[in-house]
Amino acid sequence: MSEKDSLVKGSTSIQMIDDDDDYIEKFTNNPHNGEKINTIVISPNNNYAATWSEKDNSIEGWTVISGQNKLRLDIHITFHNNFQDKFKLVGLEAVSDSKHVVVRIRRINKKDPVNFEIINMTTRRLIFAKAPSIDKFASYKWSYQKNGDFVIVLKEPKYRAFIFSTITSSYKLKDMIELTNFDNCILTLNGKLLVITKRVRYFLVQWDLENLEFEQQYILDWPLKPDSIDAQLNFDGTLLAVFGRSPKDYPINDFIDKVYVYSTEKGVLLKKYIYKDEVTVNKVYFIGSKVGERLLILSSDDSNSNRCEIMDPYTLENPVDCRRLFSYSEGYFDPFIIKDDDIIGVCEGQLLIQGLIKDDWINYLRRTLNDYNEINSPSNGSILEKMIENAIKTFKYKSQTDDSEWAEREPLRKETFEGHLFRWKLDCGQERIMLEVHRFDPENEDWKPVGDPRNILPESHIERENVDPIFVVKCELLNNDDLAIITPMGLFIWTVLPIRSPDKGPEEGPKEGIRLLYFWGNTEVTYKKSYLGVAIILNKIQNYKLVFTGHTLPPPDFDHILNSYERFSIGRDADKTYPFRELLSDHIKIHALLAYHGEHLLKRMIFNHKDNWIETLCDECVQKYIEDFMQLGFLSIIIASFPSLCQRHPSFVNKFMAKTALEIPLPTRDDVINNLSTASHLQGYKTEIQIYEASYASRVLKYIQSASNNFAKNHPYFHVFFTFLFIPYWPFLIYQFYQKAYNPDLYFQPTITLAIPMPKYATYPKNTRGFWDFLYPIKCPFNNLATANEVYKWWNGEALLNFKWNTYGKYYYYFLWLLYTIFLLSFAIVATIPEDILDWNVAKGLLITTIALSGLHLLLEIRQFTIIPKTYITNFWNFFDVAAFVLPMISSIFWLQDQEMPVGIVTLSILVMEVKFLLFFRAIRFFGVYFAIILGAGARVFSFLLILGIIVIAFAHALHLLLRPLEQISLTTPTYNDDPNNPWNMVDTMYSTSNGTISDSAVLTTLPGYDTNMFINVDTSLLAVYLMLNGDTSSVSSWSYKENKILTILLFIFSFFAKIYLLSLFIGLLGRAMDAKNNHEAYLQQKAEILSEIELVYLSPDQRRSKSWFPELILYEAHVDQVRKTVRQVTVGDATTGGELPRLSSQLLTLLEMNEAESKSQEKRRIKEEERAKIDKMLETIEQLKRLLPQLQEATENAQGSTS
């Protein structure tokens, strides 16, 4: 045995042992000289392991040899004393496949913050990982990845992640990623980063480090300690297990441990398990993912430090002791780690690796471990696909005459299918097919019947004539003991629901029975030969490309099920049941089925107009959420179909928005009440972190952003004032700044944190389509419902808009406003300033600028049209916008060509452009409400205006026929006749006088014009009648009412009916429309439409997927006094917003220090006081009238005396 010293940072050295065979054999059978092993780590691809012994002060590297249980010692490292003079080794963190180990250290020189070193076990040298700031701050997490990369995460004060390439001897930095503040993070071997946000500590966010893409957000239970949380993904990343500790009775420091399982695809909490005893969960693992998945939980308590239990991850019920999984020969592994269904640990003094998953794993679970929980196995899909493939080959489509093979086939009579837990018996007869199931009883080693036998032969198959008697064509038992049956009607999968542990009696749960779990096919069509139906159904399944190899089955054929659940029955008479109805009910009630198939099921229900089922499913999702805030993911099932629900079931949407209006995300007062908040009412903030690649420029921008945010926080109204410099809004902001500065009570407000429980409502799909995603972006529910008033009846909708506006909306909007202002000024200056003052070259430059900017705006309008053509066409203001851009462009082009202003078109251009500028104010609350009143009331009375317009046209047409000249008259050539409608007879004439005698012929005659007789043409007749409607009757003043009786009658009817009656009615309707329209909601709809346009037209695909701008869940702060006011209104049933009233949880009332009875009495008292004040005011008015009455009588008498 020889000894080698390798330099480590100068004079520090490590003593290393060569590969001497005798020594290797000695240490292989006696790791670390027999001292306790503190840590075992294994490389990402299970090629190399490392161990650390604190007492032996050594690290050993071990080679994993394929096909052997025993690991071979590769190298032994003992640290010298002079090495420990520099730092102390405190932990072994990770090892790579290339034999590099990461050790955690504590330096003697405390000024050096670096707390890790990387040792190359082969070359016996340290490896340096160089990156900005990495040598200035302590690292938080380290991990080698399966692709060979090395990841380091820094925490406070620099939240940053570094990804290194480990191909060369010195690690090369590949990516540097900026992170938002977090409390804890978890690194997985396949490049996933799980982060617990710092501002809201009960959300776990999953990111892909390689693509820097957000993948999912999970809601954690309250109040888990962030440093106690750990997580584990299963083999294919479809499930996530999380465990942690939380106080048993907050704030008492008595903790309980909890385990949660989430679906990574849906982000839904599938199940949680709470330990009632004093149990500490140490680690969780997914095992058997490919054959029969189980969640392995390693824990300890006062009596047992090595508790090992397994449970079905989809139900987390009936934990089963599995200590024997960790046995080897006659001993047990201790210590050990688990990775990829392998256990690596010390047993009988040797470091060994052994597979956890035994041969015939499911049988081992049932018979050896007595695990009788449900099994969800991907291998079920393989069996189904093979079964369908074989059936397709056997029953390929033929003509009805070619049935020679089928005629020789013996029909299935009796068959038994024995599984590990259930044994099915199928008895096929002419008019009934009986299916019964037995359950294995491990105590008596016998089979006991479960529920009642069931006749599964459809009634329709029995009643139809000339039908092939063969119904059951092929059967297969799946690995989870479900029974799959292929029939001419389709694929049926039968199961036993609910599954109970054999040690539970009937009184401890609902009765077990045979239920239909899955169907795909068509029960409405029958064939004379069964194989024809089988062939068609199987080909249809193949054409739809149904994938059965996942952890869950593809969705059943819900379209057919929903359309035939009332007709399709099995059995006859007393045995008659409706399996499709049961299947729909099970998919709504069973947690996992609803999580995976609920979204698809709801969409098919809406498509098939099944209102009762829609309400049942939606109520179930809402109820799950109400019972547990962690079940928020189930609301995403509803949100995915929100646009369709708003169109077809607005009453349910109102109910949904009301029930989720005042939601508390966290239960304690300290977490949700902020007594010194500077936030405005309904100000939102995100719950996710955002990660992005940190270039030098991005770090500079982040520093500037941080500095500006700090400045804005200390001067909250300065940035708003700066934004509005270019519009006449700054006096109002100065006034508000003055009020806030000199009245601190207005600045600091106690607020309560509320949640917007609408997951995925305002987020865009994660999958991109490249350039097509830029041209035709995929909409989210927010875009489709931007103008739906149901969303804005309560605070959630407004808080969402406030978040969007403050995060990105106002910056884009004000920039567009500024751009349009430059466009307007460039045209208005050249049109307003006289030509003799404004130099032509300057005017020419302004006109060119106008053309360029109008072209830019038109391109944006075209883009908006291509993205949302239907919405664009149906909105009148879009055409107004086009006119505001096209008219100035045309005017400028003509102007540049002729060097002379086209006055008419310029006049129209200025008018349209300035009105367009005015419309920009509609996004500001101070002005937007009035725009909402104007536009909303106008829309409500539009039909009345249409009626009034038709009446005007009718009178204009009638007067045109009555008052037009009998002959064609020229206004330039005098023509005199007896026609009273001749404009030459209607003009003023002047005669000369001589000695008191008036001449016979006129000396001067006024030339007639188009306004002399406005009823010559139809268009001027319309103008004349419109002017008459406004009180100008000069157009008919040339006619004698006494001589033209028809004209008199028409004018009388028009004056009374149109001017008096209809206009008075119009004014009344307009006033009622303004009162009936909720102006604040209308303003929010305007703002939502603006934000939706910004998102689709101006944001890039990457921006639309930014989790800083479009988080899954948004929290917001509401002023406590406003919340209390709303609660009081709700408790007395004052639905000021109409429709449903919000749900008031006891938690909310407790946090507000209110109770329902007190709130109701206070609100009633307030209403009585308001009514009493109104009565007092009325009595006071009466008294004033009484005092004035004598004075009025005296004045009247005096007036009468003076008259007489």
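Residue numbering note: each chain is counted from 1, following its sequence as written. Side-chain atom pairs in this predicted model are given and counted only at pLDDT of 80 or more, local residue features only at pLDDT of at least 70, and totals for whole chains, interfaces and linings cover all residues. Calculated side-chain values reflect all of the structure's heavy atoms, with hydrogen atoms and water omitted.

- Looking at an unreviewed UniProt entry, one finds the protein named Ion transport domain-containing protein and attributed to Diversispora epigaea.

## Things to note about the overall build of the protein
Link 1 in the chain: A run of H or I in DSSP counts as a helix once it spans at least four residues, and a run of E counts as a strand once it spans at least two, with each numbered from the N terminus. Along the protein, the regular secondary structure elements total 36 helices and 47 strands.
Link 2 in the chain: For every residue, the accessible area obtained with a 1.4 Å probe (protein chains only) is divided by the maximum for its type, and the residue is called buried under 20%, exposed over 50%, and partly exposed between those limits. By residue count, 50% of the 1204 residues in the protein fall in the buried class.
Link 3 in the chain: Two residues qualify as a contact provided that any one of their heavy atoms is within 4.5 Å of a heavy atom in the partner residue. The long-range share in the protein, meaning contacts at least 24 apart out of those at least 6 apart in sequence, stands at 60%.
Link 4 in the chain: The protein chains shown are the only cover counted for residues, whose accessible areas, like all others here, come from Shrake-Rupley with a 1.4 Å probe. Summing over all exposed atoms, the protein offers an accessible surface of approximately 58600 Å²; the carbon and sulfur share of this is 53%.

## What to know about a nonpolar patch on the surface
Link 1 in the chain: Like charges within 9 Å and nonpolar side chains (Val, Leu, Ile, Met, Phe, Trp, Tyr) within 5 Å are joined into patches, using only residues over 30% in relative accessible area that form no salt bridge. Only one rule defines a salt bridge in this text: a Lys or Arg side-chain nitrogen within 4 Å of an Asp or Glu carboxyl oxygen. On the surface, Ile1049, Phe1052, Ile1053, Phe1056, Phe1057, Ile1060, Tyr1061, Leu1065 and Leu1069 cluster together into a nonpolar patch covering about 850 Å² of accessible area.
Link 2 in the chain: Within the secondary structure, Phe1056 is located in helix H31 (residues 1045-1076).

## A few points about the pairing of strand S23 (residues 280-287)
Side-chain positions along a regular strand alternate between the two faces of the sheet.
Link 1 in the chain: Alignment of S23 against strand S24 (residues 294-300), held across 7 bridges, turns out to be antiparallel. Paired with Phe286 across the two strands is Leu295, which belongs to S24.
Link 2 in the chain: At least two DSSP bridges between two strands are needed for those strands to be called paired. Where S23 folds back onto S24 in an antiparallel hairpin, the turn is made up of 6 residues, including Gly288, whose phi is positive at roughly 65°.

## Re the sheet that holds strand S16 (residues 192-197)
Paired through their backbone hydrogen bonds, the strands of a sheet run either parallel or antiparallel.
Link 1 in the chain: Overall, antiparallel pairing links the 4 strands, which are arranged S15-S16-S17-S18 in an open sheet. Edge positions in the open sheet fall to strand S15 (182-187) and strand S18 (213-219), since each of these has one partner strand only. Along the sheet, successive strands turn relative to each other by an average axial angle of 20°, direction set aside.
Link 2 in the chain: Bridge count between S15 and S16: 5 bridges; the pairing is antiparallel. Within S16, the residue paired with Cys185 across the bridge is Val195. Helix axes use the C-alpha atoms of the stretch in contact, all axes being lines fitted to C-alpha atoms, and the angles between their N-to-C directions lie in the range 0 to 180 degrees.

## Points about the UniProt feature "transmembrane region" (unreviewed entry) in the protein
Link 1 in the chain: UniProt positions are given in the numbering used here, feature names are shortened, and annotations may be inferred rather than shown by experiment. The residues that UniProt annotates with the feature "transmembrane region" (unreviewed entry) are residues 717-738, 811-834, 840-860, 872-895, 928-956 and 1046-1070.
Link 2 in the chain: Split by type, residues 811-834 is 92% helix and 0% strand. Its first and last C-alpha atoms lie 36 Å apart.
Link 3 in the chain: The span residues 840-860 carries 100% helix and 0% strand; its end-to-end C-alpha distance comes to 30 Å.

## Details of the nonpolar core
Link 1 in the chain: Residues enter a nonpolar core if they are buried and are Ala, Val, Leu, Ile, Met, Phe, Trp, Tyr or Cys, with the set joined through side-chain atoms within 4.5 Å. Formed by 196 residues in total, the largest nonpolar core has its most connected members in Trp424, Phe642 and Ile752.
Link 2 in the chain: Judged by nonpolar contacts, the second largest core, of 25 residues, contains Phe1015, Met1028, Leu1050 and Leu1062.

## A short note on the pattern of salt bridges
Link 1 in the chain: This model, assessed by the stated rule, comprises 35 salt bridges.
Link 2 in the chain: One salt bridge in this structure joins Glu178 and Arg160, with 2.9 Å as the shortest N-O distance. On the criterion of sequence distance, the pair formed by Glu178 in strand S14 (residues 172-178) and Arg160 in strand S13 (residues 160-165) is long-range, its members being 18 residues apart.
Link 3 in the chain: The exposure class of Glu178 is buried, given its relative accessible area of 3%.
Link 4 in the chain: For Glu582, the salt bridge identified is with Arg515, shortest N-O distance 3.9 Å. Of this pair, Glu582 sits in helix H9 (residues 579-589) while Arg515 sits in strand S40 (residues 513-521), and the two are 67 residues apart along the sequence.
Link 5 in the chain: Judged by relative accessible area, which is 16%, Glu582 ranks as buried.
Link 6 in the chain: The network of salt bridges with shared partners includes Asp221, Lys258, Lys272 and Asp628.

## So, helix H28 (residues 942-963)
Link 1 in the chain: An ideal rise of 1.5 Å per residue puts 32 Å on 22 residues; H28 measures up with 31 Å between its terminal C-alpha atoms.
Link 2 in the chain: All of the buried residues along H28 are Phe944, Leu948, Ile951, Val952, Phe955, Ala956, Leu959, His960 and Leu963. A helix is expected to reach a length of 1.5 Å times the quantity of its residues less one.

## Regarding unusual backbone geometry
Link 1 in the chain: Omega for the bond connecting Asp334 with Pro335 falls within 30 degrees of zero, at 0°, which places this linkage in the cis form.
Link 2 in the chain: Take Pro335: it is sitting in the loop between strand S28 (331-332) and strand S29 (336-339).
Link 3 in the chain: Even without a glycine there, the phi angle at Asp341 is positive, about 65°.
Link 4 in the chain: Note that Asp341 resides in the loop between S29 and strand S30 (342-347).
Link 5 in the chain: Using a relative accessible area of 21% as the deciding quantity, one classes Asp341 as partly exposed.

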